[in-house]
Amino acid sequence: MGVGKKSMEGQIEEESQQLVEVFALEKGQPFDPALPITNSISNVICAISFGYRFPLEDKTFKELIDAVTFTSKFGGSFFYVLYEMFPWLMKHLPAPHNEAFHATKMLLSLAKEEIQKHKEQMSFQEPRDFIDFYLLEIEKRKNDPTSTYDEENMAQDIHDLFFAGTETTATSLKWAVLLLANHPDIQDKAYKEIEDVLCSSFFSYQDLKKLPYTNAVLHEIQRFKYPFLFGFPRQTAKDVKMRGFLIPKGTAIIPNMRSVLLDPKHWESPKEFNPNHFLDQDGHFVAKEQFLAFGAGARACLGEQLARMEFFIFVVNLLRAFRFQLPPGVKELNEEPEAGLSTPPHPYKVCAVPRCSSS
Ligand code: HEM
């Protein structure tokens, strides 16, 4: 299906416009943008997986958002660590892990219901979404006894897309709004570039190449505020020799991405939000090998292209519609992340002042 293909741009554009409308309802007054952002990013995954988006007031959608949010928070909690260490004991105790299992079950059964509906509609003959493409693949391989394509795996894949593709991108977008409000000079410069370069209201992901400063700002947000505590755990498939150390086959490896993303050898001011990290002296965008927010190698982020597209389209549409400002009396929003497996900002309020009324 190609996560991040051009065909997904329309869905992302639609979702970002919905988010602009939700922000506009606040009429420039202080509000917490976290839930509307999570709703919109989850709806992108719904559109990709199921072929449609949910209305925000839909009961199932609310349950889905609660499930994704709860599990992401639980993953960074003390009870999660306890469960990992003593699963045999924890199974007998009433603790939040039961709620996490409930959330996982909810998402798997929603995926299975959708698979059933797609099968009844036979829509895979003209595939439009992940389920259709997967059903088509099952059909093509039905005589292959080694095939791993089956409905259980498909439901689990949909579950994984929600967990890997919602909290990550939503966290980056929450940081984007916070950092733009805290750094109005950077926000205004990016806005001016966008307005000077994108004359009409229509733009595509390809336009990113014409916006070096905005591109640098987007990269800097993801460098400065990496959305996880550490990289994904992996295991060595064979003995590895590295810098004189032997790492035996089967060793668990937990990469510390911040050791690269905040390395003073590679970044002029690693602990500051500074888009110049990605610009040369003439203001051209410079791609850096050390930008490892999406990991590296064969198991790097599967959704990187989608995430980059989403991040660009959402931020540009939001910036064109609003100037993000601190609420009256607030000098600065807290730039320390919440502790957990994912590292979103602490809850905050911001003013999204409509551009037409502010100018
Ligand atoms: C800002 C957004 C995102 C960031 C920063 C991010 C980051 C990462 C990182 C660091 C990894 C581990 C890579 C490694 O071990 O080298 C990863 C894996 C993964 N990501 Fe993302 N991700 C983002 C968005 C997404 C989206 C939107 C999707 C899907 C819709 C997605 C799906 C996945 C999957 C399935 C994996 C596991 C790949 C594997 O194990 O082979 N991610 N991501």
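To keep things clear, this report deals only with the structure shown in the data block. (Residues numbered from 1 in each chain as written. Predicted model: local features only at pLDDT ≥ 70, side-chain atom pairs only at ≥ 80, totals over all residues. Heavy atoms only, no water.)

The terminal C-alpha atoms of helix α8 (residues 151–165) lie 21 Å apart, and with 15 residues this matches the ideal 21 Å at 1.5 Å per residue to within 8%. Inspection of α8 places Met154, Ala155, Ile158, His159, Leu161, Phe162, Phe163 and Gly165 among the buried residues, and these make up the whole buried set. Buried residues along α8 sit in contact with α2 (34–50), α3 (59–74), α6 (97–121), α7 (130–140) and α9 (167–182). In this structure aspartate 150 caps α8, since a side-chain oxygen of it lies 3.1 Å from the backbone nitrogen of glutamate 152. (Helix = DSSP H or I, 4+ residues; strand = E, 2+ residues; numbered from the N terminus. Expected span 1.5 Å × (residues − 1). Buried < 20%, exposed > 50% of the residue type's maximum accessible area, 1.4 Å probe, protein only. Contact = heavy atoms within 4.5 Å. Polar contact = N/O pair within 3.5 Å; in protein donor to acceptor, adjacent residues only side chain to side chain.)

Attention now moves to the packing of aromatic side chains. Enumeration according to the criterion identifies 24 aromatic pairs in this entry. Relative to phenylalanine 31, the ring of phenylalanine 23 has its centre 5.0 Å away and its plane inclined at 70°; by these criteria the two rings are edge-to-face. Of the two residues examined, phenylalanine 23 and phenylalanine 31, each falls in the buried class. An aromatic cluster of at least three residues, connected via ring pairs, comprises Phe50, Tyr52, Phe54, Phe61 and Phe162. Of note, arginine 223 hangs over the ring of tryptophan 267, and the distance from its end group to the ring centre comes to 5.2 Å. (Phe/Tyr/Trp six-rings, centres within 6.5 Å; stacked < 30°, edge-to-face > 60°. Lys NZ or Arg CZ within 6 Å of the ring centre and 35° of its normal.)

On the protein, Cys301 (SG) is the one donor atom to the iron atom of the ligand, at 2.3 Å. Turning to its location among the elements, cysteine 301 is positioned in the loop between α12 (258–261) and α13 (304–321). (Donors = N, O, S within 2.8 Å, 3.2 Å for Na, K, Ca; no water.)

Attention shifts here to the site of the ligand. In the vicinity of the ligand there are 25 residues, among which Gln222, Arg234, Ala296, Arg299 and Cys301 approach most closely. Separating a nitrogen atom of the ligand from a backbone N or O atom of alanine 164 is a distance of 3.4 Å. Note that an oxygen atom of the ligand is positioned 3.0 Å from one of the side-chain N or O atoms of arginine 234. At the level of elements, α8, α9 and α13 are the ones that each hand at least two residues to the shell around the ligand. When its residues are assigned to classes, the shell around the ligand shows 15 nonpolar, seven polar and three charged. (Near = heavy atom within 4 Å. Nonpolar A, V, L, I, M, F, W, Y, C, P; charged D, E, K, R; others polar.)

Of all hydrophobic cores here, the largest spans 87 residues; its most connected members are Phe23, Leu64, Phe162, Phe312 and Phe324. The greatest single-element share of this core, amounting to 11 residues, is contributed by α13. Ignoring anything within four residues of it in the chain, the contact list for phenylalanine 312 reads Phe203, Ser204, Tyr205, Asp207, Leu208, Leu211 and Leu218. (Core = buried A, V, L, I, M, F, W, Y, C linked by side-chain atoms within 4.5 Å.)

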